[in-house]
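Spelled out from the first residue to the last, the chains are:
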Amino acid sequence: KGKWPSPGRRLPFSTVSEEDLAAFQGIVPGRVITDPEELDPSNVDWLRSVRGSSRVLLRPRTSEEVSRILRHCHARNLAVTPQGGNTGMVGGSVPVFDEIILSTVLMNQVISFHGVSGVLVCQAGCVLEELSQHVEQRGFIMPLDLGAKGSCHIGGNVATNAGGLRFLRYGSLRGTVLGLEVVLADGTVLDCLTSLRKDNTGYDLKQLFIGSEGTLGVITAVSLLCPPRPLAVNVALLGCPGFAEVLQTFSTCKQVLGEILSAFEFMDAECVQLVGRHLHLACPVRESPFYVLVETSGSSARHDAEKMNSFLEQVLGSGLVTDGTMATDQKKVQVLWALRERISEALGRDGYVYKYDLSLPVERLYDLVTDLRTRLGPRAKHVVGYGHLGDGNLHLNVTAEAFSASLLGALEPYVYEWTAAQRGSVSAEHGLGFRKKDALGYSKPPVAVQLMQQLKALLDPQGILNPYKMLPGQA
Ligand code: FAD
Ligand code: MLT
Ligand code: ZN
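Analysis parameters
- Residues numbered from 1 in each chain as written.
- Chains lettered and ligands numbered in written order.
- Predicted model: local features only at pLDDT ≥ 70, side-chain atom pairs only at ≥ 80, totals over all residues.
- Heavy atoms only, no water.
- Buried < 20%, exposed > 50% of the residue type's maximum accessible area, 1.4 Å probe, protein only.
- Helix = DSSP H or I, 4+ residues; strand = E, 2+ residues; numbered from the N terminus.
- Pairing = 2+ DSSP bridges.
- Donors = N, O, S within 2.8 Å, 3.2 Å for Na, K, Ca; no water.
- Contact = heavy atoms within 4.5 Å.
- Axes fitted to C-alpha atoms, helices over the stretch in contact; angles between N-to-C directions.
- Core = buried A, V, L, I, M, F, W, Y, C linked by side-chain atoms within 4.5 Å.
- Domains from an automatic or database assignment.
- Near = heavy atom within 4 Å.
- Polar contact = N/O pair within 3.5 Å; in protein donor to acceptor, adjacent residues only side chain to side chain.
- Areas by Shrake-Rupley, 256 points an atom, 1.4 Å probe, with all protein chains shown as cover.
- Nonpolar A, V, L, I, M, F, W, Y, C, P; charged D, E, K, R; others polar.
- Disulfide = S-S within 2.5 Å.
- Expected span 1.5 Å × (residues − 1).
- Buried area = accessible area lost by both parts, 1.4 Å probe.
- Salt bridge = Lys/Arg side-chain N within 4 Å of Asp/Glu carboxyl O.
- Phe/Tyr/Trp six-rings, centres within 6.5 Å; stacked < 30°, edge-to-face > 60°.

Novice: I tried to follow the pairing of strand 3 (residues 80-83) on my own but got confused; where do I start?
Specialist: As a general feature of sheets, a regular strand has side chains that alternate between the two faces. Side chains Val80 and Pro82 project from strand 3 onto one buried face, and the interleaved Thr81 and Gln83 project onto a second face that is buried too. In the sheet, strand 3 pairs with strand 4 (residues 100-103) via 4 bridges, with the strands oriented parallel. Bridge pairing in strand 4 links Pro82 to Leu102.

In structure tokens:
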């Protein structure tokens, strides 16, 4: 159903020779993959929106191995695409041409966990869900959670500065990541893997690599701060009659629930219909134009239940909410969360997906969805809006039977111009990768883009790390 976008022009990197393969065998013996069938899933992204043609995938286990690989690639001018769980949404994790895929799949060791401070130190290839289980057994949780938790790697999360479902409560990885170990393009190991909460000694270099999408270095280990596991969790799924009521519910929520509010997500009626149609998940709330998912996390079940009840009384009594359901036991909590978390999966089954991830002023968040429904008419199968409303983050998705250049032309640059006019961001949490790199200028001024290009040239003068990604005009 997909159509691969044109990759542009290949830059003059070397191609992998028999001698290179022999050198890689020496560095990661038995972990040099060249079988096309085995390589295929790593050449295609999760959305099936981009496809590369790499002929080599390497699976290092240690930072030292990553360093030796990059030293060789740097000397030989070979391009490299770092890859974690390959769940990225912007085509950043797969090669564009024949770049070598450097996978962190075997770098999956927890290095340490400190039970007093909650500091976790681990290798970059640890799967987020496995880390969650590790720290939950010790009375903590990961500061981030996302629908891709079963596959995504913590290194990939840091490289994309993933936001997700806990951002409202625990903030950005820019605050919770305490240290990083990174291998630079020439193989130099930068050890900033400290576990300190406070450290104002010079520039905070780790911030450069958080959200750099594999273009400045390969993240090999991460140190991050885990919050204590909440003893009481409540989830409410509520139906709202309009978007104005969604916003008022959010305001009421912040006032009444205060410090125990841990998530405020929204989705429109079409999202819930698609999750029902394609994944057979039933919605326990009466059909409504909008739904919100409110989560509280706290330390006292009674106190939190009292607050939640008072909140529900207010919103139901004033007509902001027309129907709802609540869950406290883990199974039902997961059932309610699945309706929200699995929207992207349902969209993928609906057809070709045009995906936008925007930061907008919360009052205007849904206007673009209604505007596009009129603009696109029957050319689109579905135009839906959902996302992390509490963070001002809209996921705007359009589905169609198949890719069409004319539909794309109706969406871009219109969506980007609309967003720029609101001083919004054209990528709230997914990054730019290959698919959005030319949109950077809608959210950053030319001086900032130029400085980014200078930083890239400083850290990776040959441009071998994830070329054709994130920055415009490289191909
Ligand atoms: P990959 O997809 O493998 O890579 C992503 C980028 O990071 C690429 O540019 C790659 O080159 C680079 N990279 C990967 N590992 C490294 C490394 N060790 N060093 C340097 N660069 C590296 N995102 C959100 O922000 N919030 C969400 O709520 C959210 N939900 C999602 C739900 C689903 C179902 C899916 C499929 C994706 C979702 N995402 C979400 C997208 C998100 O970006 C990824 O899931 C995740 O952060 C990427 O991790 P990954 O290991 O799969 O990285
Ligand atoms: C989400 O919040 O569900 C993710 O960011 C994935 C998506 O945008 O579909
Ligand atoms: Zn999201």
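Novice: Looking at this structure, how should I read the coordination of the zinc ion (ligand 3)?
Specialist: For a metal with four donors in a tetrahedral arrangement, the ideal angle between donors is 109.5 degrees, while six donors in an octahedron ideally sit at 90 or 180 degrees. Each protein donor to the zinc ion (ligand 3) is listed here as His388 (NE2), His395 (NE2) and Glu429 (OE); together their distances run 1.9 to 2.1 Å. Spacing between the donor residues of the zinc ion (ligand 3) along their common chain follows H-x6-H-x33-E. Residue His388 shares its accessibility class with His395, and that shared class is buried.

Novice: Is there a simple way to explain the sheet that holds strand 1 (residues 32-33) in this structure?
Specialist: What links the strands of a sheet is backbone hydrogen bonding, and the strands pair in either a parallel or an antiparallel sense. Across the sheet, which stays open at both edges, the 4 strands sit in the order 1-2-4-3 with mixed pairing between neighbours. Two strands close off the open sheet at either side, each with one partner strand: strand 1 and strand 3. In the packing of helix 3 (residues 63-76) onto the sheet, contacts are made with strand 2 (57-58), strand 3 and strand 4, and the angle to strand 4 comes to roughly 165°.

Novice: What am I meant to see in the nonpolar core here?
Specialist: Taken as a class, soluble globular proteins show a tendency for nonpolar side chains to be buried jointly. Within the largest apolar cluster, 49 residues are counted, with the highest numbers of intra-cluster contacts made by Phe266, Val294, Phe311 and Leu396. Per-element tally for this core: the top contributor is helix 9 (residues 243-257), with 7 residues. The residue makeup of this core includes at least three contributed by each of domain 3 (232-343) and domain 4 (351-443). Every residue in contact with Val294, bar those within four places of it in the chain, is listed here: Asn234, Val235, Ala236, Leu238, Cys253, Leu257, Leu261, Ala263, Phe264, Met308 and Phe311.

Novice: Looking at this model, I keep getting lost on the site of ligand 1. Mind explaining?
Specialist: What surrounds ligand 1 is a group of 35 residues, the closest being Pro82, Gly84, Gly85, Thr87 and Gly88. Within the contact set of ligand 1, an oxygen atom lies 3.0 Å away from a side-chain nitrogen or oxygen of Thr160. One nitrogen or oxygen atom from the main chain of Gly214 is found 3.4 Å from a nitrogen atom belonging to ligand 1. Look at ligand 1: alone it shows 970 Å² of surface, and the protein chains cover 96% of it. Among the elements of the structure, strand 3, helix 5 (154-160) and strand 9 (218-225) are those that each provide at least two residues to the shell around ligand 1. Ranked by the residues each element gives to the shell around ligand 1, the list is headed by helix 5, at 5 residues. Each residue belonging to the shell around ligand 1 can be placed in one class, and the counts come to 10 nonpolar, 23 polar and 2 charged.

Novice: Just to check I follow, could you spell out the state of the cysteines for this structure?
Specialist: Among covalent bonds in proteins, the disulfide is the one between the sulfur atoms of two cysteines. Taken as a whole and judged by the stated rule, the model has 0 disulfides. No disulfide involves Cys283; its sulfur sits 11 Å from the nearest other cysteine sulfur, which is in Cys271.

Novice: Looking at this structure, I do not really get the sheet that holds strand 12 (residues 290-298). What am I missing?
Specialist: With respect to topology, 7 strands assemble into an open sheet ordered 13-10-12-11-15-16-14, the strand pairing being antiparallel. Edge positions in the open sheet fall to strand 13 (323-327) and strand 14 (352-359), since each of these has one partner strand only. Here the strands of the sheet are splayed against their neighbours by 15° on average, with no regard to which way each runs. Of the strands in this sheet, strand 11 (261-268), strand 14, strand 15 (382-388) and strand 16 (393-400) touch helix 14 (residues 367-376), which is tilted by about 165° from strand 15.

Novice: Looking at this structure, I do not really get helix 12 (residues 330-341). What am I missing?
Specialist: Residues spaced three or four apart along an α-helix face the same direction, because each turn holds 3.6 residues. Between its first and last C-alpha atoms helix 12 spans 15 Å; for 12 residues at 1.5 Å apiece the expected length is 16 Å, and the two agree. Of all the positions in helix 12, only Val333, Leu336, Trp337, Ala338, Leu339, Arg340 and Glu341 are classed as buried.

Novice: For this particular structure, what's the right way to read the environment of Val383?
Specialist: Tracing the chain through its elements places Val383 in strand 15. The exposure class assigned to Val383 is buried, which follows from its relative accessible area of 5%. Along the sequence, Val383 and Asp268 sit 115 residues apart, while their C-alpha atoms lie 9.9 Å from each other.

Novice: Any chance you could explain the domain arrangement of the protein here in plain terms?
Specialist: Many analyses report the size of an interface as the accessible area lost when the parts associate. Taken as a whole, the protein is organised into domain 1 (18-106), domain 2 (110-225), domain 3 (232-343) and domain 4 (351-443). On the side of domain 2, 18 residues touch domain 1, which itself brings 17 residues to the contact. For the pair domain 1 and domain 2, the two sides together bury roughly 1,300 Å², of which 65% comes from carbon and sulfur. Counting every contact that joins domain 1 to domain 2 gives 0 salt bridges. The tally of links between domain 1 and domain 2 comes to 4 residue pairs in polar contact (both at pLDDT 80 or more). The dominant element in the side of domain 1 that touches domain 2, judged by the number of residues it contributes, is helix 3, at 6 residues. Across the side of domain 1 that touches domain 2, the residue classes break down as 7 nonpolar, 8 polar and 2 charged.

Novice: Looking at this structure, how should I read the packing of aromatic side chains?
Specialist: By convention here, two paired aromatic rings are described through the distance between centres and the angle between planes. Taken as a whole and judged by the stated rule, the model has 13 aromatic pairs. Aromatic side chains Phe113 and Phe140 sit 5.3 Å apart centroid to centroid with 70° between the ring planes, which places their arrangement in the edge-to-face category. Linking Phe113 in strand 5 (residues 110-113) with Phe140 in the loop between helix 4 (128-136) and helix 5, this pair joins segments that are 27 residues apart in sequence. Summarising the burial analysis for this pair, Phe113 and Phe140 share the class buried. Measuring from centroid to centroid gives 6.2 Å for Tyr354 and Phe403, while their planes differ by 25°, and the two rings are stacked. Here Tyr354, found in strand 14, pairs with Phe403, found in the loop between strand 16 and helix 15 (405-411); they are 49 residues apart in sequence, far enough to count as distant. Taking the relative accessible area as the measure of exposure, Tyr354 reaches 2% and is therefore buried. Among the residues examined, Phe403 registers a relative accessible area of 21% and is labelled partly exposed.

Novice: Where do I start with the site of ligand 2 in this structure?
Specialist: Around ligand 2, the neighbouring residues are Arg340, Ser344, Lys355, Tyr386, His388, His395, Glu429 and His430. In this structure, Arg340 approaches ligand 2 through a side-chain N or O atom, which is 2.7 Å from an oxygen atom. For ligand 2, whose free accessible area comes to 260 Å², the fraction covered by protein is 87%. Here the residues of the shell around ligand 2 sort into 1 nonpolar, 4 polar and 3 charged.

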